[in-house]
Amino acid sequence: MEKIMQCPACSNELSRIDVNEVEVDVCKGGCGGVWFDAYEFKKFDEPHEHAGVALLDVEIDPNTRVDHSKKRNCPRCENITMMRHYFSVKKEVEVDECGGCAGIWLDTGELAHIRSLFDSEEERKEAAKNVFADLFGAQLEILKKDRENNLEKTRRMANMFKFICPSYYISGKQDWGAF
């Protein structure tokens, strides 16, 4: 018998619905949030994935109040508080994710917002790459040049050893610790 899951936002019992052969848990008649088990979310997060449309209008109770500042427990795992983080580098939508089962909780409206941010996974990855380049590009370039300089110095030293001890180098016994 499978455990009845409670909504992490409003404590309503979650309802299981089938969306394109994927069973998703929703807070129907409560806050309207959606629970995705590990890896399910990837099937619904982009606008071209038509399956996600069915999850955009979960029935809600307008009298249900949700405290968005409150930490939430995973509806699947016992005694695990979910981590809240931004979905993307745009920092527009925060999602709750379980470190135990990798499930993701979205409050009502968050799936629609996420689907509007990027047209594809590639576009999202490109945006992240650009942000990281802006934030760390100059530092990474310095590290890259330092690495190249150190590599060049190492090659010069190796060439000096070849010149000083050509027979030792040619023998294939390059145990530089012996020097």
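Look up: the structure comes first, before these words.
All values derive from a computational prediction rather than experimental measurement. (Residues numbered from 1 in each chain as written. Predicted model: local features only at pLDDT ≥ 70, side-chain atom pairs only at ≥ 80, totals over all residues. Heavy atoms only, no water.)

### Quick notes on the state of the cysteines
Part 1: Counted under the stated rule, the structure contains zero disulfides.
Part 2: Of all cysteine sulfurs in the structure, the one in C31 sits closest to C7, which takes part in no disulfide; the separation is 3.5 Å.
Part 3: Overall, the relative accessible area of 3% leaves C7 in the buried class.
Part 4: No disulfide involves C101; its sulfur sits 3.7 Å from that of C77, the nearest cysteine.
Part 5: Taking the relative accessible area as the measure of exposure, C101 reaches 21% and is therefore partly exposed. (Disulfide = S-S within 2.5 Å. Buried < 20%, exposed > 50% of the residue type's maximum accessible area, 1.4 Å probe, protein only.)

### Focus on the packing of aromatic side chains
Part 1: Enumeration over the complete set of coordinates arrives at three aromatic pairs.
Part 2: Note on F41 and F87: the rings are 5.7 Å apart at their centroids and 90° apart in plane angle, and the pair reads as edge-to-face. You can see F41 sitting in the loop between strand 3 (34–36) and strand 4 (83–86) and its partner F87 sitting in the loop between strand 4 and strand 5 (94–97), a full 46 residues away along the chain. With respect to burial, F41 and F87 carry one shared label: buried.
Part 3: Aromatic ring contacts, followed pair by pair, group F36, F41, F44 and F87 into a single cluster. (Phe/Tyr/Trp six-rings, centres within 6.5 Å; stacked < 30°, edge-to-face > 60°. Helix = DSSP H or I, 4+ residues; strand = E, 2+ residues; numbered from the N terminus.)

### Some points on the pairing of strand 1 (residues 15–19)
Every other side chain in a regular strand lies on the same face of the sheet, so the side chains alternate between the two faces.
Part 1: Where strand 1 lies against strand 2 (residues 22–26), five bridges are found, and the strand directions are antiparallel. Opposite I17, over in strand 2, you have V24 as the bridge partner.
Part 2: As consecutive antiparallel partners, strand 1 and strand 2 are separated by two residues, and within that stretch N20 has a phi angle of approximately 50°, a positive value. (Pairing = 2+ DSSP bridges.)

### Remarks on unusual backbone geometry
Part 1: The backbone of E21 sits at a positive phi, close to 70°, despite the residue not being glycine.
Part 2: By secondary structure assignment, the location of E21 is in the loop between strand 1 and strand 2.
Part 3: Residues other than glycine seldom take positive phi values, yet Y39 does so here, at roughly 70°.
Part 4: Relative to the helices and strands, Y39 is located in the loop between strand 3 and strand 4.

### Describing the side chain of D107
Part 1: Tracing the sequence through the fold places D107 in the loop between strand 6 (104–106) and helix 1 (110–117).
Part 2: Ignoring anything within four residues of it in the chain, the contact list for D107 reads A9, G33, H68 and R72. (Contact = heavy atoms within 4.5 Å.)

Geometry only, nothing functional implied.
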